[in-house]
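# A look at the structure
Residues per chain are reported as follows:
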Amino acid sequence: ILLRYRQVHDYWHVLCDLPPSLLGELALKWFELFQTGLPLCAFSAIAGPIRLSTKDCRLLYSYYLPWAQSAATKCKFLLAVPYE
């Protein structure tokens, strides 16, 4: 599962329209957590915001976290999608 997770991570950035910035990575980690339930995603999503500015932290929790939960639970299980 972890190999597939690493293989599709960059695809998910594109699918979710999230930049490869710290804020984009953390938003994607929340999306991945709701999609996969992997502990690695939970650790990153919870510990990562320590490095965010106050403004970005507010944006993460007020916009991206609700979006991630909604989007991840409404779409199909993306680890099983054959991207290749």
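Look above for the structure.
A few points on the structure. Model, not experiment: these values are computed from the prediction.

How each quantity is defined
- Residues numbered from 1 in each chain as written.
- Predicted model: local features only at pLDDT ≥ 70, side-chain atom pairs only at ≥ 80, totals over all residues.
- Heavy atoms only, no water.
- Helix = DSSP H or I, 4+ residues; strand = E, 2+ residues; numbered from the N terminus.
- Expected span 1.5 Å × (residues − 1).
- Bend = angle between axes of the 7 residues up to and from the residue.
- Buried < 20%, exposed > 50% of the residue type's maximum accessible area, 1.4 Å probe, protein only.
- Contact = heavy atoms within 4.5 Å.
- Axes fitted to C-alpha atoms, helices over the stretch in contact; angles between N-to-C directions.
- Left-handed = near helix turned anticlockwise from the far one by under 90°.
- Nonpolar A, V, L, I, M, F, W, Y, C, P; charged D, E, K, R; others polar.
- Core = buried A, V, L, I, M, F, W, Y, C linked by side-chain atoms within 4.5 Å.

Let's shift gears to helix α4 (residues 54–74). Taking 1.5 Å of rise per residue, the 21 residues of α4 would be expected to cover 30 Å, and the 29 Å separating its terminal C-alpha atoms lies within 8% of that figure. The sharpest bend along α4 comes to roughly 40°, located at Leu60. Of the residues making up α4, those classed as buried are Leu60, Tyr64, Leu65, Ala68 and Ala72. Looking at the buried residues of α4, the elements they touch are α2 (22–36).

Another aspect to go through is the packing of α2 against helix α3 (residues 39–47). Contact geometry for α2 and α3: axes closest at 8 Å, N-to-C directions at 145°. Two packed elements cross with a definite hand, and for α2 against α3 that hand is left-handed. On the side of α2, the interface is formed by Leu26, Lys29, Trp30, Glu32, Leu33 and Thr36, while α3 contributes Cys41, Ala42, Ser44, Ala45 and Ile46. Taken together, the residues of the contact of α2 with α3 break down into seven nonpolar, two polar and two charged.

Here we take up unusual backbone geometry. Positive phi, close to 55°, is recorded for Asp17, a residue that is not glycine. Mapped onto the secondary structure, Asp17 falls in the loop between α1 (2–16) and α2. Taking the relative accessible area as the measure of exposure, Asp17 reaches 69% and is therefore exposed.

Turning our attention to the nonpolar core. Ranked by size, the top nonpolar core spans 24 residues in total, and within it Trp12, Leu18, Leu28, Trp30, Phe31, Leu60 and Tyr64 carry the most contacts. Elements represented by at least two residues in this core include exactly α1, α2, α3 and α4. Discounting residues that sit within four places of it in the chain, Leu60 has contacts with Leu23, Leu26, Ala27, Trp30, Pro49, Leu52, Leu65 and Pro66.

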